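In case you want the letters, here they are:
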Amino acid sequence: MAEAQAAATGGTAAMDRGRTWVVLYLATTGVVILLMMVFGLLMRLAQSEWIVLDPAVFYQLLTVHGIGMVGIAALGGIAILWHFLSAHVPLRSAALAINLVLFLVGVVMILWAVFIGGFAPAWTFLYPLPAISGGVWEPWAGVLDLTGVLLIGVGFLILCLEMGRAIVASQGGLGRGLGWHVLFGGSTDKPPAPTVVAGTMVVIVTTLALVAGATIVVMTILNLLFPSLAIDPLFAKNMIYFFGHVFINATIYMGVAAVYELLPRITGRPWKASRVFLGAWTLSTTMVLIIFPHHLLMDFAMPRWTMVLGQVLSYVNSFPVLAVTGLGALAIVHRSGIRWDLVSTLLLIAMFGWMAGVIPAVVDATVSVNYVMHNTLWVPGHFHFYLLLGLLPMIFAFMIHLARDEDVTARGGDLTAILYLLFGLGFVAMFLMGGWASVPRRWAVHMPEWLVWDRIATVMAAGVIVLAGVFVAIFLARIPRLLRHG
Amino acid sequence: MTVQTLSLLVSLAAIVALAAVFLRVRALSHTPVDYPPLLARAYRLGRIALWTMVVVGLPVTVWLLRYMPHTTAAAVADPQVVNVSSTQWFWEFDRESVEASKPVEFHVTSTDVNHGFGLYDPSGRMVAQVQAMPGYINVMTHTFEAAGDYRVLCLEYCGLAHHAMESVITVTAAGGSNG
Ligand code: HEM
Ligand SMILES: [Cu+2]
Ligand SMILES: [Cu+2]
């Protein structure tokens, strides 16, 4: 049935209203990514001592870059997921509209709080830093910022609930969306399409993350307004890292829909949800929810079993990515007669970046390694790897795909993708080298012996920005046409 | 070899191996073959990869759990105790000098926000860390291998002067007068 529907809407998908919103989402995503990248470059320039930044401004940029990139990763990821999911299950695009409005209002509040109010507790706002700034910002700035974050969270929650509703209505339940009737029930019914499986997983984990996130944000706002309402700092840390870990990880599970949908179209080989595939996604769904204690390995007040789980399950969590999704993507292009172009190369890079980015994370989730690497630049090294070279190439590939009117005939341009990969690799490698050299993360001022890594990273970052600019420009230039036809 | 260097080399080796697979697939992708047999082979490879990760990797990660900095805390008899308190943006210790080769128990807390107690050896390499959190005392046991001035840097973002929150702990040679 899903196939029939997909076939029916495939040709006319270009005409529905959801598509206009998807285009607006991507336009916002492209512009914000470039702006946040420039903020990142400013931080790297300051650490390189090539420009002078007041530390207060550095930490404001750090806060905005962190929350801005996380938010925009989700906005871009949702655009991809929504576009492909709506061909399998009927979605109401009003949810997209509401979310975008809440998002933009939230962004204005955050920018105001940070750049005018001076609020800079990093995107993780670990309690009680929002309330205790050493006189740098006032409580109102914190309330304004966190209310903005809350609005954005509510917007994404609405989107998740709408996707969840649509999956339940069309598949007969979230369990069936994950293909449990095939995986456990031995049913001979058709398994759900890979995109539906990914969508179901995203709905489940993102909803839980957002509920936890909203809870701790509201508690922190209340604490700012009524300081006598104290929170247990260790509880707050658990809530924040549960939210943060799950939410940022969910973005790549949104984006991977582009790989599942586009590689089959490009190669003419189907991507079917086998039982192994379904098992891998169910494993990912549980793992992503329970491995967050690997962020708290250096909190010795945590019960010891959480450390053991944090370490062992972080390793197990890499199985589905490395052995199933990655392998599936490699198999589909292997000896397929594909003619590489910009879109397919970006998708291949995305799979590489995701898989490779997992590796330093697994290493660092080992307690004895974490003991000397936690909160060094190794950590940004890991997550920039899978976000800059995993998620972003998915988003760029999808932008170019739309700009090419969803026509998958090879049209060249893969050189720019390869250059993006090379600059990106250089950039993340310098974070990893910083981690090797014990450079602490989130330091506005670096020591002279670290400058060599900082300076190479700065040059590489400039290259990344130019190439990202090219991808975004290709898309933006097509927008008038895309909207006229939408 | 330091833990840092080992981590870097292991990660690098794995990433390079993965890159090699991708490059090979890309190089061979131009000549088409039939998909179903190829897919069957991929599944077989996937199973091998998965079982290798289970049979080789899982015991390794479980074995690595031996090195838990927290487990040593209770096991030490007669340690040198240092009480560490952190406050935006300075460190306070109740003793500034300890002896090498004898376990030191750091009792680490904070009077305001989260900080990170990071110990750096004289060459600038981190040798140990633990979070400093208000309302909690985290106990970390560390045995210094060599004498020298060990820098304490802040490893959890704590506001405006996070990067300037530094101090020093002096480690004297074993058997010295500071024990
Ligand atoms: C040219 C591209 C980029 C540059 C130059 C850049 C630069 C930076 C820098 C300098 C930091 C602070 C590192 C430190 O702790 O000292 C940082 C942190 C961060 N970046 Fe990026 N970045 C880039 C792309 C991205 C992308 C694409 C994402 C996500 C989609 C991202 C997400 C983050 C996050 C979440 C943090 C952590 C903020 C915190 O520590 O609170 N960045 N980035
Ligand atoms: Cu501090
Ligand atoms: Cu600090």
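Source: prediction; values computed, not measured. (Residues numbered from 1 in each chain as written. Chains lettered and ligands numbered in written order. Predicted model: local features only at pLDDT ≥ 70, side-chain atom pairs only at ≥ 80, totals over all residues. Heavy atoms only, no water.)

Student: Can you tell me about the overall build of chain B, naming the residues and giving the values?
Tutor: Within chain B, the secondary structure is distributed over three helices and nine strands. Helices (α) and strands (β) of chain B occur, in sequence order from the N terminus, as α-α-α-β-β-β-β-β-β-β-β-β. Taken over the C-alpha trace, chain B has a radius of gyration of 24 Å; the compact-globule value for 179 residues is 16 Å, which it surpasses by more than 25%. Projected onto its principal axes, the C-alpha positions of chain B cover 75 × 40 × 30 Å. Residues counted as buried form 47% of the 179 residues belonging to chain B. Considering only residue pairs separated by 6 or more positions, chain B has 64% of its internal contacts joining residues 24 or more positions apart. Of the roughly 8,500 Å² of accessible surface on chain B, a fraction of 66% belongs to carbon and sulfur atoms. Taken as two groups, the 10 positive and 13 negative side-chain charges of chain B have centres that lie 25 Å from each other. (Helix = DSSP H or I, 4+ residues; strand = E, 2+ residues; numbered from the N terminus. Rg over C-alpha atoms; globule rule 2.2 N^0.38 Å. Buried < 20%, exposed > 50% of the residue type's maximum accessible area, 1.4 Å probe, protein only. Contact = heavy atoms within 4.5 Å. Areas by Shrake-Rupley, 256 points an atom, 1.4 Å probe, with all protein chains shown as cover. Lys, Arg positive; Asp, Glu negative; His and termini not counted. Charge placed at Lys NZ, Arg CZ, Asp CG, Glu CD.)

Student: Give me the lowdown on the overall build of chain A, citing residues and values where you can.
Tutor: Looking only at helices and strands, one finds 16 helices and zero strands in chain A. Overall, the C-alpha framework of chain A stretches about 60 × 45 × 45 Å when taken along its three principal axes. Residue burial in chain A is summarised as follows: out of 486 residues, 66% are buried. Counting contacts in chain A only where the partners sit at least 6 residues apart, residues at least 24 apart contribute 83% of the total. Split by element, the accessible area of chain A, about 15,800 Å² in all, is 72% carbon and sulfur.

Student: How would you explain the interface of chain B and chain A if you had to name every residue and give the values?
Tutor: Taken together, the contacts link 75 residues of chain B with 87 residues of chain A. Across the chain B/chain A interface, buried area totals approximately 7,100 Å², and carbon plus sulfur atoms make up 69% of it. Contact with chain A buries surface across chain B, with Phe-22, Arg-26 and Tyr-157 of chain B losing the most and accounting together for 11% of the total. Counting every contact that joins chain B to chain A gives three salt bridges. Note that Arg-26 of chain B is salt-bridged to Asp-414 of chain A, the shortest N-O span being 3.1 Å. Applying the counting criterion to the chain B and chain A interface returns 32 residue pairs in polar contact (both at pLDDT 80 or more). Elements with a minimum of two residues in the side of chain B that touches chain A: helix H1 (3-28), helix H2 (35-64), helix H3 (69-75), strand S6 (126-132), strand S7 (138-142) and strand S8 (148-154) of chain B. Considering each element in turn, the side of chain B that touches chain A owes the most residues, 16 residues, to H1 of chain B. Here the side of chain B that touches chain A is built from residues that sort into 46 nonpolar, 23 polar and six charged. (Buried area = accessible area lost by both parts, 1.4 Å probe. Salt bridge = Lys/Arg side-chain N within 4 Å of Asp/Glu carboxyl O. Polar contact = N/O pair within 3.5 Å; in protein donor to acceptor, adjacent residues only side chain to side chain. Nonpolar A, V, L, I, M, F, W, Y, C, P; charged D, E, K, R; others polar.)

Student: I'd like a description of the pairing of strand S9 (residues 167-172) of chain B, backed by residues and values.
Tutor: Consecutive side chains of a regular strand alternate in pointing toward one face of the sheet and then the other. Looking at chain direction, strand S3 (residues 97-99) of chain B and S9 of chain B are connected through three bridges and run parallel. Paired with Ser-97 of chain B across the bridge in S9 of chain B is Thr-170 of chain B. (Pairing = 2+ DSSP bridges.)

Student: Before we move on, could you go through the coordination of the copper ion (ligand 3) and cite the residues and values that matter?
Tutor: All names here are of chain B. Listed as protein donors to the copper ion (ligand 3) are Cys-154 (SG), Glu-156 (O), Cys-158 (SG) and His-162 (ND1); their distances from the metal cover 2.0 to 2.4 Å. The coordination sphere of the copper ion (ligand 3) comprises four donor atoms, whose angles at the metal cover 91 to 120 degrees; the geometry is tetrahedral. Mapping the donors of the copper ion (ligand 3) onto the primary sequence yields the spacing C-x1-E-x1-C-x3-H. A spacing of 2.6 Å is found between the copper ion (ligand 3) and the copper ion (ligand 2), which share Cys-154 as a donor. The same class applies to Cys-154 and to Cys-158, which are both buried. (Donors = N, O, S within 2.8 Å, 3.2 Å for Na, K, Ca; no water. Tetrahedral: all angles 85-135°; square planar, octahedral: opposite > 155°, others 65-115°.)

Student: Give me the environment of His-163 of chain B: which residues, what numbers.
Tutor: Mapped onto the elements, His-163 of chain B comes out in the loop between S8 and S9. Spatially, the C-alpha atom of His-163 of chain B lies 7.8 Å from that of Leu-153 of chain B, the residues being ten residues apart in sequence. Within polar-contact distance, the side chain of His-163 of chain B engages the side chain of Tyr-59 of chain A at 2.8 Å.

Student: Can you tell me about the sheet that holds S9 of chain B, naming the residues and giving the values?
Tutor: Residue and element names in this part refer to chain B. Strands sit in the order S3-S9-S8-S5-S6 across an open sheet of five strands; the sheet is mixed. Two strands lie at the open edges of the sheet, namely S3 and S6, each paired on one side alone. Each neighbouring strand pair of the sheet contributes to a mean axis angle of 25 degrees, computed without reference to strand direction. The pairing of S8 with S9 spans five bridges and is antiparallel. The residue of S9 that forms the bridge with Asp-149 is Thr-170. (Axes fitted to C-alpha atoms, helices over the stretch in contact; angles between N-to-C directions.)

Student: Describe the packing of helix H14 (residues 378-403) of chain A against helix H15 (residues 414-436) of chain A, and please don't skip the residues or the numbers.
Tutor: Any two packed helices are characterised by how steeply their axes cross, that is the angle between the axes, and by the distance between the axes. Residues and elements named next belong to chain A. Closest axis-to-axis distance for the H14/H15 pair is 6 Å, and the angle between their directions is 165 degrees. Considered as vectors, H14 and H15 are oriented roughly antiparallel to each other. The two elements H14 and H15 meet at a crossing, and its hand is right-handed. Across the interface between the two elements, Trp-378, Pro-380, Gly-381, His-382, His-384, Phe-385, Leu-388, Leu-389, Leu-392, Pro-393 and Phe-396 of H14 pack against Tyr-420, Leu-421, Gly-424, Leu-425, Phe-427, Val-428, Phe-431, Leu-432, Gly-435 and Trp-436 of H15. (Parallel < 35°, antiparallel > 145°, perpendicular 65-115°, else oblique. Left-handed = near helix turned anticlockwise from the far one by under 90°.)

Student: Lay out the site of ligand 1 in plain terms, naming residues and giving numbers.
Tutor: Residue and element names in this part refer to chain A. Neighbouring residues of ligand 1: 26 residues in total, closest Gln-47, His-65, His-384, Arg-441 and Arg-442. Here an oxygen atom of ligand 1 and a side-chain polar atom of Gln-47 are 2.9 Å apart. Between ligand 1 and the protein, one listed contact pairs an oxygen atom with a side-chain N or O atom of Arg-441 at 2.9 Å. Elements supplying a minimum of two residues to the shell around ligand 1: helix H2 (17-47), helix H3 (55-85), H14, H15 and helix H16 (451-485). (Near = heavy atom within 4 Å.)

Student: Could you give an account of unusual backbone geometry, naming the residues involved and the relevant values?
Tutor: Following Tyr-127 of chain A, the chain continues to Pro-128 of chain A via a peptide bond in cis, the omega torsion being 0 degrees. Inspection of the secondary structure puts Pro-128 of chain A in the loop between helix H4 (94-116) and helix H5 (139-171). In this chain, Gln-88 of chain B is followed by Trp-89 of chain B through a cis amide linkage whose omega measures -5 degrees. Despite not being glycine, Ala-122 of chain A has its phi angle at roughly 65 degrees, a positive value. Relative to the helices and strands, Ala-122 of chain A resides in the loop between H4 and H5. For Ala-122 of chain A, a relative accessible area of 3% translates into the label buried. One non-glycine residue, Asp-405 of chain A, lies in positive phi territory at about 55 degrees. By relative accessible area, Asp-405 of chain A is classed as partly exposed at 38%.

Student: I'd like a description of the side chain of Asp-454 of chain A, backed by residues and values.
Tutor: All names here are of chain A. Here Asp-454 lies in helix H16. Classification of Asp-454 as buried rests on a relative accessible area of 2%. A polar contact of 2.7 Å, which involves the side chain of Asp-454, links it to the side chain of His-446. Setting aside its immediate chain neighbours within four residues, Asp-454 contacts Arg-44, Gln-47, Ser-48 and His-446.

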